[in-house]
Amino acid sequence: MTFSRVSVQTQVFDVAERYASLASNSSAGAVVTFVGHVRDMNLGQTIQSLELEHYPGMTEKVLEQINLEAIERFDINGLDVVHRVGVLDVNEAIVFVGVSSAHRGDAFQACEFVMDALKTRAPFWKKEQGSDNTAWVSHRDSDSQAVERWAKK
Amino acid sequence: MTFSRVSVQTQVFDVAERYASLASNSSAGAVVTFVGHVRDMNLGQTIQSLELEHYPGMTEKVLEQINLEAIERFDINGLDVVHRVGVLDVNEAIVFVGVSSAHRGDAFQACEFVMDALKTRAPFWKKEQGSDNTAWVSHRDSDSQAVERWAKK
Amino acid sequence: MIQILFFARLREQLGQSKVQLSSDALETPTSIQTVLDYLQHQNPSWRDALSSPDLCFAIDQEQAQVTDLISQNCEVAIFPPVTGG
Amino acid sequence: MIQILFFARLREQLGQSKVQLSSDALETPTSIQTVLDYLQHQNPSWRDALSSPDLCFAIDQEQAQVTDLISQNCEVAIFPPVTGG
């Protein structure tokens, strides 16, 4: 039985607590975590804060679907995904993806798969408050390319 | 300037503190961590504890060399490697590899590269105390295969 | 009735987050493309925003193509490419 | 003098963690293979352990091949494949 959890929340999350919860399964062996943070610079502009909009209802469904796909594709014991919405300051954590597995290869792959899928499929939109202006973040082609390598042959 | 740290220690390490230290660099963006734990089972036998022997002096040199190679190959801001030695109980953390980068792809790749290199090059040896007997852990062919994909073409 | 939701840049461009089309406004089943055409016809100032080539769609909270069909009581969402994570 | 270190399974099999070869025991430069042969000749009970095909080597704390050369005052390490991480 694989533990799977998704959360979309305005509150700050505690990486240490989420890591500990994944690691507490004694057959885990390998725990891989990814945390994305608000950067202080983007495309040469100083960033002061970030606002994250999402599509309540669809967001949770897509994240749960991505977790199911990861569990089907990789040999993993636990998968925990948290994504924040609302206003975030520079350096705050935006997203956490944690995977526990008996095998480090599966843990790494599942974590990267979930991030690539989330980046291209989960309905979140970022708006950056810079020193000069406010702008919606553009989709990156590199994210579309990253997700393509997971396409089933 | 890339932050790089290696530590070989008998003491328990604090994953939360090490993660926070990597994340505190505000240009980081992406932080990937790997933590390996003592499993309660290996090859069908119940494990009670693990003893880790190493080659003091060479171990630190190899880990520092692996970090240098990772910094050369990937675009990363910070790299922190901790490996425990001595007697460890089931579920205790053995190894931590944390990477911060502006790009999640580089963070994932560098973290996996360091783990694969450590598994095949760093002079550590595990001895398992099972319910029935004590045995040195055998090298896995899958680890040798894992490291081969990083060979420069 | 079809409920149409707009998000992010598109929501700001149109100045609203949703519109509702009554069942006599459009015959169903109909495609997302027909809805886009209908909205642009009703609101000529929305033309540029709604003809942006990068728009993405969902029907009942599932990713959809512009040619996919909508029936009554569907929730349709129109939005720019996602940028989370 | 050449210092030879043994680790892990090999250390247990040989019952010791190091031996020192004085400068008149072996002419240098010499190869790790010659050291292995010398040790087996001196200690016939070590033959099996030291002829294991999976042994790994280091000279002055750097990974080495069995054909690599050793000079005086080198630190040579002989050990089974590593299993950390």
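All values derive from a computational prediction rather than experimental measurement. (Residues numbered from 1 in each chain as written. Chains lettered and ligands numbered in written order. Predicted model: local features only at pLDDT ≥ 70, side-chain atom pairs only at ≥ 80, totals over all residues. Heavy atoms only, no water.)

Once that is clear, we can look at the pattern of salt bridges. With the rule as written, the count across this model stands at 22 salt bridges over all chains. A salt bridge links R84 of chain A to E92 of chain A; the shortest N-O distance between them is 2.4 Å. On the accessibility criterion, R84 of chain A (4% relative accessible area) is buried. Of the charged contacts in the structure, one is a salt bridge between R9 of chain D and D54 of chain D, with a shortest N-O distance of 3.2 Å. Highlighted residues: R9 of chain D in helix α1 (residues 8-14) and D54 of chain D in the loop between α3 (47-50) and β4 (56-59), separated in sequence by 45 residues. (Salt bridge = Lys/Arg side-chain N within 4 Å of Asp/Glu carboxyl O. Buried < 20%, exposed > 50% of the residue type's maximum accessible area, 1.4 Å probe, protein only. Helix = DSSP H or I, 4+ residues; strand = E, 2+ residues; numbered from the N terminus.)

Here we come to the interface of chain A and chain B. Contact residues are listed per partner, giving 33 residues for chain A and 33 residues for chain B. Taken over both partners, the interface formed by chain A and chain B buries close to 2700 Å², and the fraction arising from carbon and sulfur atoms is 51%. R104 of chain A serves as the salt-bridge partner of D116 of chain B, at 2.8 Å between the closest nitrogen and oxygen. Linking chain A to chain B there are 12 residue pairs in polar contact (both at pLDDT 80 or more). When the residues that make up the side of chain A that touches chain B are grouped by side-chain class, the tally is 16 nonpolar, 10 polar and seven charged. Of the strand pairs in this sheet, strand β2 (residues 30-37) of chain A and strand β2 (residues 30-37) of chain B are connected by seven bridges, and their pairing is antiparallel. Bridged to V31 of chain A within β2 of chain B is V35 of chain B. (Contact = heavy atoms within 4.5 Å. Buried area = accessible area lost by both parts, 1.4 Å probe. Polar contact = N/O pair within 3.5 Å; in protein donor to acceptor, adjacent residues only side chain to side chain. Nonpolar A, V, L, I, M, F, W, Y, C, P; charged D, E, K, R; others polar. Pairing = 2+ DSSP bridges.)

A few words now on the confidence of the model for chain C. Scored by pLDDT, chain C comes out at a mean of 96, with 100% of its residues at no less than 70. This prediction of the complex comes with two scores: 0.95 for pTM and 0.94 for ipTM. (pLDDT = per-residue confidence, 0-100.)

With that settled, consider the layout of surface pockets. Each pocket or cavity is described by its volume, and for the largest pocket that value is around 840 Å³. Along the walls of the largest pocket sit 42 residues, with A102, H103 and R104 of chain A together with K119 and D143 of chain B positioned nearest its centre. Elements that contribute at least two residues to the lining of the largest pocket include exactly α3 (104-121) of chain A together with β2, β3 (41-42), α3 (104-121), β8 (124-130) and α4 (141-148) of chain B. Ranked by residue count, the leading element in the lining of the largest pocket is α3 of chain B, at six residues. In this structure, the second largest pocket is lined by 34 residues; those nearest its centre are R39, K119 and R140 of chain A together with A102 and R104 of chain B. Of all elements in the fold, only β2, β3 (41-42), β4 (45-54), α3, β8 (124-130) and α4 (141-148) of chain A together with α3 of chain B reach the threshold of two or more residues within the lining of the second largest pocket. Ranked by the residues each element gives to the lining of the second largest pocket, the list is headed by α3 of chain A, at four residues. Grouping the amino acids of the lining of the second largest pocket by side-chain chemistry returns 12 nonpolar, 12 polar and 10 charged. (1 Å grid on protein atoms, 1.4 Å probe; cavity = no way out; pocket = protein on both sides within 12 Å on 5 of 7 lines; lining within 4 Å. Points joined across faces, edges and corners; volume = space filled by probe spheres on them.)

Here the focus is the packing of α3 of chain A against α3 of chain B. Helix packing for two helices is described by the angle between their axes and how far apart those axes are. Taken N-terminus to C-terminus, the directions of α3 of chain A and α3 of chain B make an angle of 175°; their axes are 11 Å apart at the nearest point. For the element pair α3 of chain A / α3 of chain B, the angle class is roughly antiparallel. Along the contact surface, α3 of chain A presents R104, G105, F108, C111, E112, M115, D116 and K119 of chain A, while α3 of chain B presents R104, G105, F108, C111, E112, M115, D116 and K119 of chain B. (Axes fitted to C-alpha atoms, helices over the stretch in contact; angles between N-to-C directions. Parallel < 35°, antiparallel > 145°, perpendicular 65-115°, else oblique.)

What follows concerns the packing of aromatic side chains. According to the stated counting rule, one finds 20 aromatic pairs over all chains in the structure shown. Centre to centre, the rings of F113 of chain A and W150 of chain A are 5.5 Å apart; their planes meet at 85°, and the pair counts as edge-to-face. Note that F113 of chain A is positioned in helix α3 and W150 of chain A in the segment after α4, a separation of 37 residues in sequence. With relative accessibility at 8%, the residue W150 of chain A sits in the buried group. Look at Y55 of chain B and F7 of chain D: their rings are 4.5 Å apart centre to centre, the planes differ by 35°, and that puts the pair in the tilted class. Of this pair, Y55 of chain B sits in the loop between β4 (45-54) and α2 (58-73) while F7 of chain D sits in the loop between β1 (2-6) and α1, each in a different chain. You can call F7 of chain D buried: its relative accessible area is 9%. Site record: aromatic cluster; members linked through ring pairs are Y55 and W125 of chain A together with F7 and F79 of chain C. (Phe/Tyr/Trp six-rings, centres within 6.5 Å; stacked < 30°, edge-to-face > 60°.)

Further remarks concern the sheet that holds strand β4 (residues 56-59) of chain C. Residue and element names in this part refer to chain C. Pairing in this open sheet of five strands is mixed, and the strands run β2-β1-β7-β4-β5 from one edge to the other. Of all the strands in the sheet, the pair left with one neighbour each is β2 (18-21) and β5 (62-64). Strand-to-strand twist of the sheet, defined as the mean angle between neighbouring strand axes without regard to direction, takes the value 25°. Where β4 and β5 come together, three bridges link them in antiparallel fashion. Note that in β5 the partner of F57 across the bridge is A64. Contacting β1 (2-6), β2, β4, β5 and β7 (75-79), helix α2 (residues 32-42) crosses the sheet at an angle of about 105° to β2.

So, on to the interface of chain B and chain D. Counting residues at the interface gives 25 residues for chain B and 20 residues for chain D. Inspection of the chain B/chain D interface yields two salt bridges. Measuring nitrogen to oxygen at the nearest pair gives 2.5 Å for the salt bridge that ties E53 of chain B to R11 of chain D. For the side of chain B that touches chain D, the secondary-structure elements that each account for two or more residues are β4, α2, β7 (93-101), α3 and β8 of chain B. The greatest single-element share of the side of chain B that touches chain D, amounting to five residues, is contributed by α3 of chain B.

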